[in-house]
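Residue-level structural notes
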There are 2 protein chains.
Amino acid sequence: MTPMTYEPLPYRQLSRFCADVFARYGFTPDDSARITEILLCADLYGIESHGVQRLIRYHKEITGGFVNIDANPATVVDTPVSAVIDADRAMGQLISTQAMDVAIGKAKSSGIGMVAVRNSNHFGIAGFYAQMASDADLMGICMTNTEAIGVPTYGKKAMLGTNPIALAFPASPVNFLYDAATTVVPRGKIEVYSKNGQPLPEGWAVDVDGKASADADEILRNIIAKAGGGIAPLGGDTELYGGHKGYGLGIIVDLFCGVFSGGKTSNHQNLMPGSTDITHFFMAVDYGLFGGKEAIRENFSTFLQELRDSPRADGRQRIYTHGEKEQESRAQKLASGIPINAKTREEMHMIAAHQSLSYDDYFK
Amino acid sequence: MTPMTYEPLPYRQLSRFCADVFARYGFTPDDSARITEILLCADLYGIESHGVQRLIRYHKEITGGFVNIDANPATVVDTPVSAVIDADRAMGQLISTQAMDVAIGKAKSSGIGMVAVRNSNHFGIAGFYAQMASDADLMGICMTNTEAIGVPTYGKKAMLGTNPIALAFPASPVNFLYDAATTVVPRGKIEVYSKNGQPLPEGWAVDVDGKASADADEILRNIIAKAGGGIAPLGGDTELYGGHKGYGLGIIVDLFCGVFSGGKTSNHQNLMPGSTDITHFFMAVDYGLFGGKEAIRENFSTFLQELRDSPRADGRQRIYTHGEKEQESRAQKLASGIPINAKTREEMHMIAAHQSLSYDDYFK
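Bear in mind the structure is a predicted one, so any value in this text is a computation, not a measurement.

1. Thoughts on the interface of chain B and chain A
- Tallying the contact residues gives 84 residues for chain B and 84 residues for chain A.
- Interface area for chain B against chain A, summed over the two sides, is near 6,800 Å², with a carbon-plus-sulfur share of 71%.
- Ranking the residues of chain B by area buried against chain A places B:Tyr154, B:Lys245 and B:Phe290 at the top, with a combined share of 11%.
- The salt bridge partner of A:Lys325 is B:Glu239, with a shortest N-O separation of 2.9 Å.
- Between the two partners, chain B and chain A, sit 34 residue pairs in polar contact (both at pLDDT 80 or more).
- At the level of elements, β3 (82-86), β4 (112-120), β5 (139-144), β6 (165-169), β7 (176-180), α8 (243-259), β10 (278-285) and α9 (293-309) of chain B are the ones that each hand at least two residues to the side of chain B that touches chain A.
- In terms of residue count, the dominant contributor to the side of chain B that touches chain A is α8(B) (eleven residues).
- A class-by-class count of the residues in the side of chain B that touches chain A yields 50 nonpolar, 20 polar and 14 charged.

Dropping the structure here:
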C-alpha cells in the first residue's frame, strides 16, 4: 500500500465538525462537546490511533445500536470510598467522566475514591480521565479492558485486551502522565506496519499456532476473524524479556475492571450482538493522606527533573518523563493543526453525508 | 567460571540455622523467626536470588550498622486510610510485616489501608507482604524501591531501582500472586549469565555509554563501581518493545515509595555511609467495597481458569497464572529440600563461624 498522506486541519474546525456529528446522533450539545474534547485530546497528544481516525468506529457503534444514546446508568454499589456503576451501554466518554467525577468527589471527602464501571463502550484514552484527577490536585488512576487481542504467555488465543493503565500526578513544570497498554503495542501499531508493508519486529505478535510472526497483514486478519493468535504482552511473546510480567499486568487490569465491576473480562467481550461489554476502573487519591501536599509535589517534581537531567545515552538527544511529549505535541498541534490522514478524511466525508452535514462547510 | 553445584538442604534445618544466626545478632526469637520465614519463603517459591543466598548481604548490613537492631519506628502520619512510618533503619522484614499489619487493620475498619515506609532496609520478596493481605481475604499490594541499577529510556546512568510491584488476590484453587521487577530482569539474572559465561540477550542492559551490551561481567562491574550503565526497564533499552513503559512503572513505584514516604527515591540511596534509605509501600483493600466477596472471588477464579485452559502455543506444555509456579515449587521443596549452591554454603559456614555457631550442628 502507499503511505498515507496527511493534511493538517485546524483544531477549532475539527472540534465544531465532531461536535455537530455527535449532536446529529442525538447527544445533547454538552455531551457532544465532551465526547469531542476527549476524542481530540488524543489527536492533540499525538495518539492518532485514539483520535478522529476512530470516528468511523464510533459511527458504527452508535448507528449499530451498541451505544445507548438514552442510557440510564445505575449506581449498584455505593460506599464512602467506592462505587460500582452499570453504564446501561452509555457512550464510554460520558459515563467515564461521570465516574471519575464520582471518584474525585469521594477522594475529596474520604481521601480516596474507586469506581468500577460495567456495560460500557470504548472511552478513548485512559490518560484523559486520570488527568481529571490530577487537574483537581489528586492522584488519578484509570484502567479499562477491551476486546481480547492479547495472547497469554505460551498461549495462542487472544484472551486479554490491550488493557491500558494510566496514572496522572501533579508536577512542575509538567504533570506526570503515564498511559500505556499492557500489551507490547496497541493494535494501531500493527496497522501502521501493515499499511507500510513492513515486517513486524520479532516478539510483537504470534500467529494461529502461537509462533512469533512478522506478518502484520496476517496478524490483523486473524484478529478480525478471531482465528487465533494476536499481540504479545509487554515484554514479548516469551519469558526471556519478561512477557509474563505484561501478561500479569493485563490480568490485574481485568481484575479491577471486569471483575470488580461485576461485568465481563476481556475474553467475553463483543461476543453478543449489540453489546461491547467494556468495563473500566477509576481511582482518585488525595495524596495529602501522606503529608504536606506541596512538599510531596515538589519532591516528585525534583525526582522527575533529576531523571530528565541524567546523562544521556550516546547519540540520544533527550530523556523524557511521561506527559512531556503529550504537552509539547498539544501546543504544536493547537498552533499548526492536527494532521489527518487521507483515509480518515474520506471517512469524515462519508459520515458527514450520512448525517446530512457538509464536510466543506467546516474545512474550506 | 564453572557452573555452581547445588545441594538440597531440608527446610526445617535451614530454618533453625537462619533463626539462630539472626538471634545471635540480637534479634528476639520471634523477630528472628519472622525474618527467617520471609527469607526462606523466597527459596521455597524458587526465587533463589532473594533467599538464603542473601544471608551474606544481610550479615554485612547488620554487622556493618546499616540495620538498626534496636530501631524505634515512628508513625509520622496517621489517618483512617493511610499512614507514613519512619522505620529508624529497622530490619526491612520486621518493619514491613508491621506496616502491612497496619494496612490490613485500616482496610478492615475503613475499607482500604495504605502505608508508606521510609528509612528502611531490604525486605526480601515484595510478594510476601502482598500475600499477608490476601491471606486475610483482602487484596494486597506492595512495592519497594532499591538502590538504583535501572537506566531510564535513552539514559546511561542508573536512576531507578528494580522497583518491583506485587499484587495478591484470593482465588481458587491457587491465589493470584504477581511479583515482578519493573526492570527487564533483576540483578540476580545478570549474575547467573556472568557465572555461566553466557552473553546477555540484547536489550537487557546498557554499558557506560548507554549502548546495548551483552557483556554480563562488564555490566556487573559497572553497577558495583557505579561507573555508569545498568539494567534496562521492562520492555528493553529502546521504545521499540515498550521500554518507556517499564521506565514509567519504575517512576510510579518511586512515587508511592520514595515520595509518599517522605524518604529517598532510588537515585539517592546507599550514598551515605551506614544507611540504605530504602522505602516501601503497602496497601490492603477490602474488595467487598465492590460487591459480594464470594462472587468476586469466584468470577476472578473463573477468569484465571479460562486463561490456564486457553489453547496453548505449539510446543508449549502449559499456560500458568501468577502464583502457581510458586506454590508448586514450595510443595516440592518442603518435601525434597531447598537447593543451596556451593558459594552460599561457603558463606553460611563463614557466618556460622563469625556467630560462634557450628554449621555441622545443623546440617549433618
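2. Digging into the relation of the copies chain B and chain A
- Superposition record for chain B on chain A: RMSD 0.0 Å, screw rotation 180 degrees, translation along axis 0.0 Å. Taken together, these values place the two copies in the relation of a two-fold axis. By C-alpha distance to the rotation axis, the residue of chain B lying nearest is B:Gly235, at 2.5 Å.
- Most of the interface of chain B is mirrored in chain A, where 100% of its interface residues are also at the interface.

3. Quick word on the sheet that holds β7(B)
- Strand order in the open sheet made by the seven strands is β2-β3-β4-β10-β5-β6-β7 (chain B), with mixed pairing throughout. Two strands bound the open sheet, and with one partner strand each, they are β2 (74-78) and β7 of chain B. Going across the sheet, the axis of each strand differs from the next one's by a mean of 15 degrees, ignoring polarity.
- Direction of pairing for β5(B) relative to β6(B): antiparallel, over a ladder of four bridges. Bridge pairing in β6(B) places B:Gly140 opposite B:Ala168.
- Relative to β7(B), helix α8 (residues 243-259) of chain A is tilted by about 130 degrees, and along the sheet it contacts β5, β6 and β7 of chain B.

Basis of the calculations
- Residues numbered from 1 in each chain as written.
- Chains lettered and ligands numbered in written order.
- Predicted model: local features only at pLDDT ≥ 70, side-chain atom pairs only at ≥ 80, totals over all residues.
- Heavy atoms only, no water.
- Contact = heavy atoms within 4.5 Å.
- Buried area = accessible area lost by both parts, 1.4 Å probe.
- Salt bridge = Lys/Arg side-chain N within 4 Å of Asp/Glu carboxyl O.
- Polar contact = N/O pair within 3.5 Å; in protein donor to acceptor, adjacent residues only side chain to side chain.
- Helix = DSSP H or I, 4+ residues; strand = E, 2+ residues; numbered from the N terminus.
- Nonpolar A, V, L, I, M, F, W, Y, C, P; charged D, E, K, R; others polar.
- Least-squares fit on C-alpha atoms with pLDDT ≥ 70 in both.
- Pairing = 2+ DSSP bridges.
- Axes fitted to C-alpha atoms, helices over the stretch in contact; angles between N-to-C directions.

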